[in-house]
Amino acid sequence: MSEEQLIHVRLDVVLAERGMTLAELSRMVGVSPVNLSILKNGHARAIRFSTLRAICEALNCDVGDLLTCHPASMARVS
C-alpha cells in the first residue's frame with residue numbers, strides 16, 4: 001500500500017514572487033478574499049477547475065506552481 005499524499009498550496013509563495021496581494025488577486029479572478037485566504041492557508045477541501053484556471057491566468061503560472069504533492073510523513077507538525 002502506498003503512503004498517503006498531501007496537497008500543499010503555494011499560493012502565498014507565488015503571490016509574494018509576483019508582488020501581489022490577496023485583495024488584488026481577488027479582484028482579478030472574482031473570488032472573495034475569504035475564499036482565497038482559505039485556499040492560501042491550506043484549509044480548502046476543494047477547488048473548481050475554473051477558479052484554478054483563473055488564478056493561474058492572473059498569476060501567469062501553471063497549476064504545478066500553485067499545488068505540490070508530498071508524502072504525509074513530510075507534513076509539518078504545528
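Computed from a predicted structure; not experimentally measured.

Conventions adopted
Residues numbered from 1 in each chain as written. Predicted model: local features only at pLDDT ≥ 70, side-chain atom pairs only at ≥ 80, totals over all residues. Heavy atoms only, no water. Helix = DSSP H or I, 4+ residues; strand = E, 2+ residues; numbered from the N terminus. Buried < 20%, exposed > 50% of the residue type's maximum accessible area, 1.4 Å probe, protein only. Contact = heavy atoms within 4.5 Å. Axes fitted to C-alpha atoms, helices over the stretch in contact; angles between N-to-C directions. Left-handed = near helix turned anticlockwise from the far one by under 90°. Nonpolar A, V, L, I, M, F, W, Y, C, P; charged D, E, K, R; others polar. Arc of directions from axis to C-beta.

1. Description of the overall build of the chain
Across its full length, the chain holds five helices and two strands. Each helix and strand of the chain, placed in order from N terminus to C terminus, yields the pattern β-α-α-α-α-α-β. Counting the 78 residues in the chain, one finds 26% classified as buried. Counted over contacts in the chain with a minimum sequence separation of 6, partners at least 24 positions apart contribute 65%.

2. Looking at the packing of helix α2 (residues 22-29) against helix α3 (residues 33-40)
In contact at an axis separation of 9 Å, α2 and α3 are set at 115 degrees when each is read in the N-to-C sense. Relative to α3, the crossing made by α2 is right-handed. For the pair formed by α2 and α3, the contact residues are Leu22, Leu25, Ser26 and Val29 on the first element and Pro33, Leu36, Ser37 and Lys40 on the second. Residues that form the contact of α2 with α3 fall into these classes: five nonpolar, two polar and one charged.

3. A closer look at α2
When α2 is considered as a whole, its buried residues turn out to be Leu22, Leu25, Ser26 and Val29. Buried residues of α2, seen end-on, are gathered within an arc of 105 degrees and therefore sit on one face of the element. Looking at the buried residues of α2, the elements they touch are α1 (11-18), α3 and α4 (49-59). Downstream of α2 by one or two residues, Gly30 has phi in the positive range, about 75 degrees.

4. What to know about the environment of Leu39
Relative to the helices and strands, Leu39 is located in helix α3. Look at Leu39 and you get buried, because its relative accessible area is 11%. When the C-alpha positions of Leu39 and Val9 are compared, they lie 7.2 Å apart, and in sequence the two are 30 residues distant. Discounting chain neighbours no more than four positions away, the residues touching Leu39 are Val9, Leu11, Ala44, Ile47 and Ile55.

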